[in-house]
Structures are given as structure tokens and as C-alpha cells.
Amino acid sequence: MTRTVAVGGIRIGGGHPLVLIGGPCAIENEKHALMTAERLVAVTAERGVPFIYKSSYDKANRSSLDGYRGPGLREGLRILHRVREALGVPVLSDVHAVSEVEPAAEVLDVLQIPAFLARQTDLVVAAGRTGKVVNVKKPQFVAPEDMGLVIAKVRSTGNEAILLTERGTSFGYHNLVVDMRGLLRMREFGYPIVFDATHSVQLPGARGDRSGGERQFVPALARAAVAVGIDALFMEMHEDPDRTMPDGRPLSDGPNMLRIDDLPKLLDQVLAIRAATGA
């Protein structure tokens, strides 16, 4: 059994209930963030699922210079603080540079290290030093057993509040594959395991100036991961993932975001699987 990591009043791992981490990929504006958070809180509360709201203030690793990234550090953190205070839910977002860590830690309950940056020692150590929960996404190019080296960087700061997230492994060009054995291999480190069901169906760079995605496979992968055994399910969700921004740009990671309307059915399914497996 994994250790327990506390995020506010939520307990992740150690046999506690399955936690959902989710929200739109990138923040659009305050009104939209509050609307999506309210909907997700309602769905999860009805089912007794602990919920952490996720949305990025900056998606710094876009394929194209013109891709939508979000409102930026200052405005994005203000919006996340508003969500946190208005709805009473913990909030999570990515940090991309050491300079972002301190201001982000003043607002966020969980600092997330993006997969592409999980080997950036200074960033990982800076996040660990805040004492906040650190969610590290396993890079697409790193074997599950090699995540022990990343864990050691966080632990060097005295911080044991670590989450490990699987989000797929590079499989040729423009494709990812999920090896469910990796969930079990990472669990051997003793920290809670999160499965990112939406980025796992991403097709990196498949649309030339942006990534594609196959959201139709999100439910199947989510069900499989819960059957194998995870502590939290991560999914980026939106009411209309295929719409565009007011300036015509596509949403960040729209093709792999789950429609919020599809969440209730999927949550019911994964909760039933978890109950059946005795997790």
C-alpha cells in the first residue's frame, strides 16, 4: 500500500477513495473557470469523489509559437485563487521555471512538474523546497523505474508529499502508448500513483502546428488504469473541447479533452470497477 499524501482535506493513496484531478487544459478567463469548476464539483460531490481542480495558467510547451497558452502567471494565479476561495476546492497547475515556483506556491495546493521538465533538476528541487505537494508527470521518454531519480530530487529537500503521474510513452512519431505495467512499477516507490487518461491519448504534433488526440479512447484507458490500481485519475475536461477561442485559435489540447457531459457515466464506471477490485 502506498503512503498517504494530503491535499487540503483530501487524502490520496493509502487505501483512501479514488481522487479526480481535472479541469480545462488552459485557463480561458475567470467566468469560464468558475463555470467549469462548479460543474465538476457538482458531478463529483454527487458521487462522493474527492476533487482537485486543474487548469494551467501557461502552457509553455506548445507545438507552435501561435498556440494558445493561457492568461499567464499573474492573471492565471488570480483566477485559480478565485476558484479555490469560491468553491472550496484545492487547485493544481503546472510550473515551468524556477522563477514561477514561489508565486505559484502562494496559491496552489499542488505544484505540477510537466512531463517535458521532469528532469530539470533546479525546477524539481525548487518545487520540493516549497513544502507543497509535488505532482511529477513521468516524461514520455523515461522508463517507469527511472522515476526513482526524480523522487530523490524532491526528497532531497525533505519533502515527501509526492505524486507520480503516468501520461503515456512515445511510440514512434506522433503517438503515445500506455504500458499498464508501468503503473505497478512506479507504485513500488511507495508514493500515490495518478493516471492521466487524456494526455495519454494525445497525438503529439500530429496536426502540424499542434497536437491531435483521440478522446474516444479516454474512457477505456481510465477504466483499465483503475482496474490495475491507481490512487487518482487525472483528466482534462471541457464543455465543448472542439470549439475555438474568440480569436479563432483552437483550444489547448482540445482533441484529447473529455467532454464534461461524459464525466458522470465514466465516473460511475470507474467507481464500480474500483469497488469490484476491492481497492
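Residues numbered from 1 in each chain as written. Predicted model: local features only at pLDDT ≥ 70, side-chain atom pairs only at ≥ 80, totals over all residues. Heavy atoms only, no water.

Visitor: Looking at this structure, how should I read the packing of aromatic side chains?
Guide: For any pair of aromatic rings, the description rests on two quantities: the centre-to-centre distance and the angle between the ring planes. For the coordinates displayed, the defined rule picks out 1 aromatic pair. For the pair F51 and Y53, a centre-to-centre distance of 6.5 Å together with 75° between the ring planes defines the contact as edge-to-face. You can call Y53 buried: its relative accessible area is 0%. Its end group placed over the ring of Y191, R3 keeps NZ or CZ at 4.3 Å from the ring centre. Above the ring of F234, the side-chain terminus of K137 is found at 4.1 Å from the ring centroid. (Phe/Tyr/Trp six-rings, centres within 6.5 Å; stacked < 30°, edge-to-face > 60°. Buried < 20%, exposed > 50% of the residue type's maximum accessible area, 1.4 Å probe, protein only. Lys NZ or Arg CZ within 6 Å of the ring centre and 35° of its normal.)

Visitor: How should the environment of V201 be read in this particular structure?
Guide: With respect to the element layout, V201 can be found in the loop between β11 (193-196) and β12 (202-203). Apart from the residues lying within four places of it in its own chain, the contact partners of V201 are G213, E214, R215, F217, V218, L221 and N256. (Helix = DSSP H or I, 4+ residues; strand = E, 2+ residues; numbered from the N terminus. Contact = heavy atoms within 4.5 Å.)

Visitor: Help me understand the nonpolar core, please; the structure alone is not making it clear to me.
Guide: Among soluble globular proteins, nonpolar side chains are generally buried collectively. In this structure, L20, Y53, I113, F195, I230, M235 and L263 are the most contacted members of the largest nonpolar core, which totals 64 residues. Ignoring sequence-local partners within four residues, the contact set of L263 consists of L20, L40, V43, M235, M237 and L258. (Core = buried A, V, L, I, M, F, W, Y, C linked by side-chain atoms within 4.5 Å.)

Visitor: In this structure, what is going on with the pattern of salt bridges? I would like to understand it.
Guide: It is possible for side chains of opposite charge to pair when their charged atoms get near one another. One pass over the full model with this rule turns up 22 salt bridges. Between R187 and D231 there is a salt bridge; the shortest N-O distance is 3.2 Å. Of this pair, R187 sits in helix α6 (residues 181-187) while D231 sits in the loop between α7 (218-228) and β14 (232-238), and the two are 44 residues apart along the sequence. Here R187 falls in the partly exposed class, since its relative accessible area comes to 23%. In this structure, the salt-bridge partner of D242 is R215, at a minimum N-O distance of 2.9 Å. One end of the pair, D242, is in the loop between β14 and β15 (258-259); the other, R215, is in the loop between β13 (212-213) and α7, and 27 residues separate them in sequence. What makes R215 buried here is its relative accessible area of 13%. Look at the salt bridges and you will find they share partners, linking E30, E75, R78 and R82 into a network. (Salt bridge = Lys/Arg side-chain N within 4 Å of Asp/Glu carboxyl O.)

Visitor: I keep staring at the environment of T157 and nothing clicks. Help me out?
Guide: You can see T157 is positioned in the loop between α5 (147-155) and β8 (162-166). Among the residues examined, T157 registers a relative accessible area of 25% and is labelled partly exposed. Each C-alpha atom, one on T157 and one on L183, is 25 Å from the other, the two residues being 26 residues apart in sequence. Apart from residues lying up to four places away in sequence, T157 is in contact with V125, G128 and R129.

Visitor: Any chance you could explain the pairing of β14 here in plain terms?
Guide: In terms of burial, β14 is a largely internal element, 7 of the 7 residues being buried. Of the two faces of β14, both are covered, the one formed by A232, F234, E236 and H238 as well as the one formed by L233, M235 and M237. Of the strand pairs in this sheet, strand β3 (residues 19-23) and β14 are connected by 5 bridges, and their pairing is parallel. Paired with G22 across the strands is M235, a residue of β14. Two elements, β11 and β14, share 3 bridges in a ladder whose sense is parallel. Paired with V194 across the two strands is A232, which belongs to β14. (Pairing = 2+ DSSP bridges.)

Visitor: Where do I start with the side chain of H199 in this structure?
Guide: By secondary structure assignment, the location of H199 is in the loop between β11 and β12. A distance of 2.7 Å separates the side chain of H199 from the side chain of D196, its partner in a polar contact. Non-local contacts of H199, meaning those with residues more than four positions away in its chain, are made with K59, K137, R167, L176, F234, E236, D253 and N256. (Polar contact = N/O pair within 3.5 Å; in protein donor to acceptor, adjacent residues only side chain to side chain.)

Visitor: I would appreciate a short explanation of α5 in the present structure.
Guide: In an α-helix there are 3.6 residues to a turn, and that puts residues three or four apart on one side. Of all the positions in α5, only M147, G148, V150, I151 and V154 are classed as buried. Seen from one end, α5 has its buried residues packed into an arc of 155°, which puts them on one side. (Arc of directions from axis to C-beta.)

Visitor: How do you make sense of the packing of helix α1 (residues 30-47) against helix α2 (residues 73-87) when you look at a structure like this?
Guide: Describing two packed helices takes the angle between their axes plus the distance from one axis to the other. α2 packs onto α1 with a crossing angle of 35° between their chain directions and a minimal axis gap of 10 Å. Where α1 crosses over α2, the handedness of that crossing is right-handed. Taken together, the residues of α2 that come into contact with α1 (itself represented by E30, A33, L34, A37 and E38) are R78, I79, R82, V83, A86 and L87. Classifying every residue of the contact of α1 with α2 by side-chain character gives 7 nonpolar, no polar and 4 charged. (Axes fitted to C-alpha atoms, helices over the stretch in contact; angles between N-to-C directions. Left-handed = near helix turned anticlockwise from the far one by under 90°. Nonpolar A, V, L, I, M, F, W, Y, C, P; charged D, E, K, R; others polar.)

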